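# Structural description and commentary
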Amino acid sequence: MKAGDHLFLIDGSGYIFRAYHALPPLTRKSDGLPVGAVSGFCNMLWKLLSDARDTSVGVTPTHFAVIFDHSAKNFRHDLYTDYKANRSAPPEDLVPQFALIRQATRAFNIPCIEREGFEADDIIATYARLAEGVGADVTIVSSDKDLMQLVGEHVSLYDSMKDRQIGPAEVREKWGVGPEGMIDLQALVGDSIDNVPGIPGIGPKTAAQLLDEYGDLDTLLEHAGEIKQKKRRENLLEFAEQARLSRDLVRLKTDTPVDLDLTALVLEPQDGPRLVAFLKGLEFSSLTRRVAEATGTDAATVEAETVEGEAGSAAHGPDLDPGDADADADTKAVGARASDAFANGAWTPAALAAKRSEAAAAGTIDHARYHCIRDLETLKLWAEEARQSGLVAFDTETNSLDAMQADLVGFSLALTHDVRDASGAAIRAAYVPLLHRKQEDDLLGGGLVEDQVPFDEALSILKAVLEDASILKIGQNLKYDWLVMKRHGVTIAGFDDTLLISYVLDAGRGNHGMDVLSERWLGHTPIPYKEVCGTGRSAITFERVDLEAATRYAAEDADVTLRLWLVLKPRLVADGLIAVYERLERPLVAVLARMEERGVSVDRQILSRLSGELAQGAAALEAEIQEIAGEPFNIGSTKQLGEILFGKLGLPGGAKTKGGQWSTSAQVLEDLAAAGHELPRKIVDWRQLTKLKSTYTDALPGYIHPTTTRVHTSYALASTTTGRLSSSEPNLQNIPIRTAVGRKIRTAFVAERGHKLVSADYSQIELRVLAHVAEIPQLVQAFADDMDIHAMTASEMFGVPVEGMPGEVRRRAKAINFGIIYGISAFGLANQLGIERSEAGDYIKRYFERFPGIRDYIEDTKAFARQHGYVETIFGRRAHYPEIRSANPSMRAFNERAAINAPIQGSAADVIRRAMIRMEDALAHSNLAARMLLQVHDELIFEVPDDEVEATMPLVRSVMEEAAMPARAMRVPLRVDVRAADNWDEAH
DNA sequence: TAGAAAACGTA
DNA sequence: GTACGTTTTCTAG
């Protein structure tokens with residue numbers, strides 16, 4: 001490079017964000033892949049390059065490079081740990097575009113530069129100074145103020161979107177200081193987006209004025225005591241150090257090590273066919289045409305490069321939240337687009353999905369090809385490849401199934417160099433052991449296995465990949481890995497989860513565990529965990545597994561996960577379920593993980609006292625029961641109990657169980673008690689006490705975490721057919737409430753010192769959903785008027801006025817209302833109400849006469865389910881009922897009832913999911929410290945600092961009540977009751 | 001020792 | 001009549 005040459009440096013990362021926000025948001029390729037930013041980027045690049053050929057334009061580049069940010073972390077984080085802490089993850093539909101823009105740069109035959117540990121700005125600064133040094137001119141394509149410090153006689157900025165050149169004069173005009181003053185100005189002002197602190201109370205105007213007066217930051221700080229304005233003076237004195245730190249943060253590094261020297265940046269001509277193929281693949285038709293013309297390429301003969309929707313990155317479907325118009329219309333538009341795409345000779349999403357599935361099933365898995373990575377250099381290479389391809393499957397190996405206890409002992413990665421190949425032939429997978437221990441059990445418990453990658457170094461390389469949202473991580477049940485990594489200081493950002501994708505696609509068609517999915521889609525049975533770690537008392541933890549077996553097992557997990565993703569992700573687009581996945585499913589992973597991580601405080605003493613009381617009560621009852629029975633027996637054994645009750649004592653047996661025994665269910669025992677027998681009542685009571693004791697007061701303390709001293713449940717996102725969550729280990733969604741004794745257990749769930757528990761629950765959400773979907777005028781009106789819905793139903797059915805209605809009448813109406821939600825049958829209603837089937841049938845008949853819309857809804861839903869094999873919630877989530885066409889009438893009836901229930905239960909579940917996804921941001925925006933701890937289907941429980949309770953309650957209420965909006969306008973309002981107290985019993 | 005059956009806690 | 005998870009007992013291996 002020499003004087004007179006002109007170097008163009010494009011701030012690729014900055015451009016991506018700016019283009020994303022500036023351009024129409026919904027630019028997508030026919031398979032749903034979002035490409036708005038890529039499109040803007042390519043057009044901009046082409047325009048600049050055209051200028052290079054057109055000598056009539058004054059500015060003609062001779063050298064050219066696009067610079068990208070490399071990793072989330074750089075030297076500035078060492079200066080200031082909170083640097084860029086305010087940055088939120090990039091928008092979902094931008095993530096897949098990072099890799100595409102790198103691909104685009106290469107397709108344009110332009111150097112694509114990035115370097116670990118440095119921001120794009122530093123590399124730009126370095127090249128700009130180098131070029132300046134040889135007398136060349138430099139144009140930096142960016143309008144970022146952070147780069148303005150570089151502007152000078154030979155260096156200017158070019159804002160490609162406003163087509164504006166920024167030289168020293170423009171900098172001074174905009175900021176009141178010249179380029180040389182920009183660093184000091186930024187140091188004073190700070191930057192809330194990058195979280196550069198600056199000095200409080202000083203904005204750009206004041207900063208410019210001060211710098212004008214004192215010359216530079218150091219002089220200003222020396223003379224800070226002379227400032228007249230009191231507050232300003234105090235702040236300058238108090239935060240002087242902070243300003244100096246800020247200066248170090250904003251000053252760009254001009255001695256970044258660079259791989260390519262200036263001569264390597266010389267502008268080469270474009271390879272016409274290659275570029276055309278790429279642009280054609282992205283369906284940029286007008287740019288394709290222009291490029292073809294300019295490069296003398298016959299576009300018609302060039303085959304489009306298959307640029308992935310595919311590129312395996314998040315292909316995007318319709319937006320559930322139509323701040324962008326009508327969601328239903330959106331959904332249909334995708335279907336329409338699919339056929340258009342086929343007309344263009346491209347794959348339709350469905351055809352692509354089918355092709356992938358076929359290839360995946362034909363692929364073979366070869367354990368011999370797996371790598372075991374045992375040195376840092378190799379690991380770095382793999383991380384680099386992940387970055388290049390923008391895609392990596394990831395799985396952790398630990399020493400516990402409990403994510404809150406698990407320590408990382410290794411991890412596996414899988415990469416592919418061709419995301420179009422679902423056969424897996426292009427996949428490489430590896431296991432990285434970190435803390436495996438020798439198997440022999442010497443006194444010290446066996447030392448570490450030799451030649452493992454040093455833990456801290458490996459973790460930091462992994463961290464850079466996992467936290468970089470522009471690299472899509474693919475996992476199976478990522479909530480587990482997310483939590484484990486979080487506990488190791490790493491926050492995974494930018495991911496897909498094959499468990500959740502499968503769940504969205506196939507809820508109701510069996511479970512979604514990796515082994516099942518692998519057999520279903522790949523025809524491959526993965527190595528069972530048992531085979532590696534054994535079972536029962538001879539089981540070992542993964543850290544004791546020898547590296548060869550561990551590699552086979554762990555690398556296979558990553559390999560299989562990546563293959564599954566290649567098959568399943570296109571199906572999301574094909575089935576129009578991308579929005580469900582991205583709006584209702586994927587965002588909950590981090591939300592739930594944080595809830596699990598927080599846990600809830602449980603008072604051991606209350607539980608232990610209760611346990612004692614329950615033990616006493618049960619023992620007393622046990623003695624009485626055995627006294628009456630005339631012999632000791634195991635009351636907990638239904639078999640023995642049946643023999644005593646219906647054999648020895650000769651009580652009349654009621655129902656039989658499936659196994660043919662006499663049933664001893666609570667219902668049967670209650671009936672016997674009502675008939676005057678004294679023993680059954682005592683057994684019911686005994687059962688209640690022992691149930692509460694064993695399931696709750698005795699079990700819960702065992703779940704208190706040794707270090708956090710709180711109870712951390714685990715939520716399953718993909719276990720129910722309807723879309724509800726489930727909770728386990730321990731299940732905190734079935735803590736007693738119905739009986740007085742049971743409720744006492746809730747008093748043990750407490751807020752930590754200085755806090756309250758706030759419980760917010762939806763009132764009658766399922767009935768409201770029913771009123772909405774079935775469009776029942778009376779119900780809609782009743783909810784609009786905030787009436788007692790069961791009383792209103794009773795009044796409508798039986799002609800009884802709501803005023804002074806007997807409790808029994810209301811109770812019956814209530815049972816019918818619930819019955820409807822559960823897919824009513826005369827049999828079930830009769831059971832519930834203890835009336836004759838014929839009478840129950842009459843009730844149902846009368847109900848349908850009064851509410852014909854409900855009958856229509858039920859019939860329509862059944863017909864839909866029979867036709868499609870699934871039903872949908874109001875947000876488009878599907879629940880499959882493959883057996884609804886069963887020839888077995890009871891099986892069929894069961895599936896029909898479930899299918900009637902699923903849209904109601906599932907829509908309610910979707911609503912609270914939406915509320916949960918929004919809640920954290922809503923709280924943060926209001927500067928509230930409330931922490932969401934638990935979800936119980938229609939209830940959310942928070943822990944809130946005492947002095948924020950008042951402010952938090954209305955916010956929580958409004959987020960929940962407005963959760964359906966704007967995606968759906970419900971015909972009925974949602975109502976939420978909110979209460980605060982010291983414990984869960986009083987808060988609910 | 002693993003898994004089914006019965007019972008029962010929640011929404 | 002829907003949707004779950006946990007506990008205890010008992011049986012099959």
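By convention here, each chain's residues receive numbers from 1 onward along its written sequence. Throughout, the order in which chains and ligands are written sets their labels, letters from A for the former and numbers from 1 for the latter. Totals for whole chains, interfaces and linings use every residue, but because this is a predicted model, local features are given only for residues with pLDDT of at least 70 and side-chain atom pairs only at 80 or more, for both listing and counting. The side-chain quantities take in all heavy atoms of the structure and omit both hydrogens and water.

Turning our eyes to something else, we now look at the overall build of chain A. Helical segments are the DSSP runs of H or I of at least four residues, strand segments are the runs of E of at least two, and each set is numbered from the N terminus. For chain A, the count of helices and strands is 38 helices and 22 strands. A globule of 988 residues ought to have a C-alpha radius of gyration of about 30 Å, and chain A, at 33 Å, matches this closely. In terms of overall dimensions, chain A has C-alpha extents of about 110 × 75 × 75 Å along its principal axes. Put simply, chain A has 988 residues, and 54% of those count as buried. Based on C-alpha atoms, the radius of gyration is set beside the globule rule, defined as 2.2 Å times the residue count to the power 0.38. With a 1.4 Å probe rolled over the protein chains alone, any residue whose accessible area is under 20% of its type maximum counts as buried; one over 50% counts as exposed, and the rest are partly exposed.

By nonpolar core we mean a set of buried residues, namely Ala, Val, Leu, Ile, Met, Phe, Trp, Tyr and Cys, connected to one another through side-chain atoms within 4.5 Å. Among the nonpolar cores identified, the biggest contains 194 residues, and Tyr762, Ile854 and Met916 are the most heavily contacted of them. The domain boundaries here were taken from an automatic or database domain assignment. For this core, the domains that each give at least three residues are domain 2 (350-576) and domain 3 (719-765 + 869-988). Once you skip the residues sitting within four places of it in the chain, Ile854 turns out to touch Leu770, Ile776, Leu779, Ile820, Tyr847 and Phe848. In terms of nonpolar packing, the next biggest core, distinct from the first, is built from 49 residues, Ile140, Ala208, Phe239 and Ala243 among them. Between two residues, a contact is recorded if the distance between any of their heavy atoms is within 4.5 Å.

In these notes, residues near a molecule or strand are those with any non-hydrogen atom within 4 Å of it. Taken together, 24 residues form the shell around DNA strand B, and within it Thr657, Gly659, Thr664, Ile737 and Arg738 come nearest. Of what DNA strand B places within 4 Å of the protein, 79% of the atoms are sugar or phosphate. Here a polar contact is taken to be a pair of N or O atoms separated by no more than 3.5 Å, where protein atoms must pair a possible hydrogen donor with a possible acceptor and residues adjacent in sequence count only if both atoms sit in side chains. In this structure, Asn734 approaches DNA strand B through a side-chain N or O atom, which is 3.0 Å from a base nitrogen. For DNA strand B, a phosphate oxygen lies 2.7 Å from a polar atom in the backbone of Arg738. The element that contributes the greatest number of residues to the surface near DNA strand B is helix α27 (residues 679-697), accounting for three residues. Its residues assigned to classes, the surface near DNA strand B comprises six nonpolar, eleven polar and seven charged. Residues were grouped as follows: Ala, Val, Leu, Ile, Met, Phe, Trp, Tyr, Cys and Pro as nonpolar; Asp, Glu, Lys and Arg as charged; and all remaining residues, including Gly, as polar.

Strand order in the open sheet formed by six strands is β7-β10-β9-β8-β11-β12, and the pairing between neighbours is mixed. In this open sheet, the two edge strands, each paired with only one partner strand, are β7 (371-372) and β12 (495-497). Pairing between strands requires that DSSP locate at least two bridges from one strand to the other. Relative to β12, strand β11 (residues 472-475) is paired through three bridges, and the arrangement is parallel. Pairing of Lys473 across the sheet is with Phe495, part of β12. Packed on one face of the sheet, helix α19 (residues 498-506) meets β11 and β12 and runs near 55° to β12. Throughout, an axis means a line fitted to C-alpha atoms (over the contacting stretch in the case of helices), and angles, computed between N-to-C directions, take values from 0 to 180 degrees.

On to the pattern of salt bridges, then. Between side chains of opposite charge, a pair can form as their charged atoms come close. Salt bridge, as applied in this entry: a Lys or Arg side-chain nitrogen positioned within 4 Å of an Asp or Glu carboxyl oxygen. As enumerated under the stated definition, the model contains 62 salt bridges in all. Residue Glu808 pairs with Arg812 through a salt bridge whose shortest N-O separation is 2.8 Å. One end of the pair, Glu808, and the other, Arg812, are both in helix α32 (residues 807-821), four residues apart, so they sit about a helical turn from each other. Given a relative accessible area of 35%, Glu808 falls into the partly exposed group. Here Glu872 ties to Arg878 by a salt bridge, and the two come within 3.5 Å at their closest N and O atoms. Residue Arg878 is classed as buried on the basis of its relative accessible area of 14%.

With respect to topology, six strands assemble into an open sheet ordered β3-β2-β1-β4-β5-β6, the strand pairing being mixed. Looking at which strands have only one partner, the edges of the open sheet turn out to be β3 (112-113) and β6 (164-166). Strand direction decides the pairing type here: strand β2 (residues 63-67) and β3, joined by two bridges, are parallel. Directly across from Val66, in β3, lies its bridge partner Cys112. Against the sheet, helix α5 (residues 120-133) touches β1 (6-11), β2, β3, β4 (137-141) and β5 (155-159), its axis set at about 175° to β1.

Taking burial as the measure, the five residues of β2 include five buried ones, the bulk of the element. Here β2 shows two buried faces, one formed by His63, Ala65 and Ile67 and the other by Phe64 and Val66.

What follows concerns a positive patch on the surface. Candidates for patches are residues over 30% relative accessible area with no salt bridge; among them, like charges are joined within 9 Å and nonpolar side chains (Val, Leu, Ile, Met, Phe, Trp, Tyr) within 5 Å. Areas reported as accessible are Shrake-Rupley estimates using a 1.4 Å probe. Residue values count occlusion only from the protein chains shown. Charge convention: Lys and Arg are scored as positive, Asp and Glu as negative, and His as well as the terminal groups of each chain are ignored. Think of each charge as sitting on NZ of Lys, CZ of Arg, CG of Asp or CD of Glu. A surface patch of positive charge is lined by Lys162, Arg164, Lys174 and Lys205. With respect to the element layout, Lys174 can be found in helix α6 (residues 168-175). Its relative accessible area of 53% is what places Lys174 among the exposed residues.

Further remarks concern the domain arrangement of chain A. Its domain assignment divides chain A into domain 1 (6-171 + 253-314), domain 2 (350-576) and domain 3 (719-765 + 869-988). Here domain 1 and domain 2 have C-alpha centroids that lie 33 Å from each other.

Moving on, we get to the packing of helix α34 (residues 837-850) against helix α35 (residues 852-868). One way to put it is that α34 packs onto α35 with a least axis distance of 4 Å and a crossing angle of 105°. As summarised for this structure, α34 and α35 are arranged roughly perpendicular, according to the angle between their axes. For the pair formed by α34 and α35, the contact residues are Tyr847, Phe848, Glu849 and Arg850 on the first element and Pro852, Ile854, Arg855 and Ile858 on the second. For the contact of α34 with α35, the residue count by class is five nonpolar, no polar and three charged. To sort the angles, those under 35 degrees are grouped as roughly parallel, those over 145 as roughly antiparallel, those from 65 to 115 as roughly perpendicular, and the leftovers as oblique.

Two measures define how a pair of helices packs: the angle their axes make with one another and the distance between the axes. In contact at an axis separation of 8 Å, helix α7 (residues 182-189) and helix α11 (residues 240-250) are set at 125° when each is read in the N-to-C sense. With respect to α11, the element α7 is oriented oblique. For the pair α7 and α11, the crossing hand works out as right-handed. Listed contacts from α11 to Ile183, Asp184, Gln186 and Ala187 of α7 are Ala243, Ser246, Arg247 and Val250. Residues that form the contact of α7 with α11 fall into these classes: four nonpolar, two polar and two charged. Handedness of a helix crossing follows the sense of rotation of the near helix relative to the far helix, less than a right angle counterclockwise being left-handed and clockwise being right-handed.

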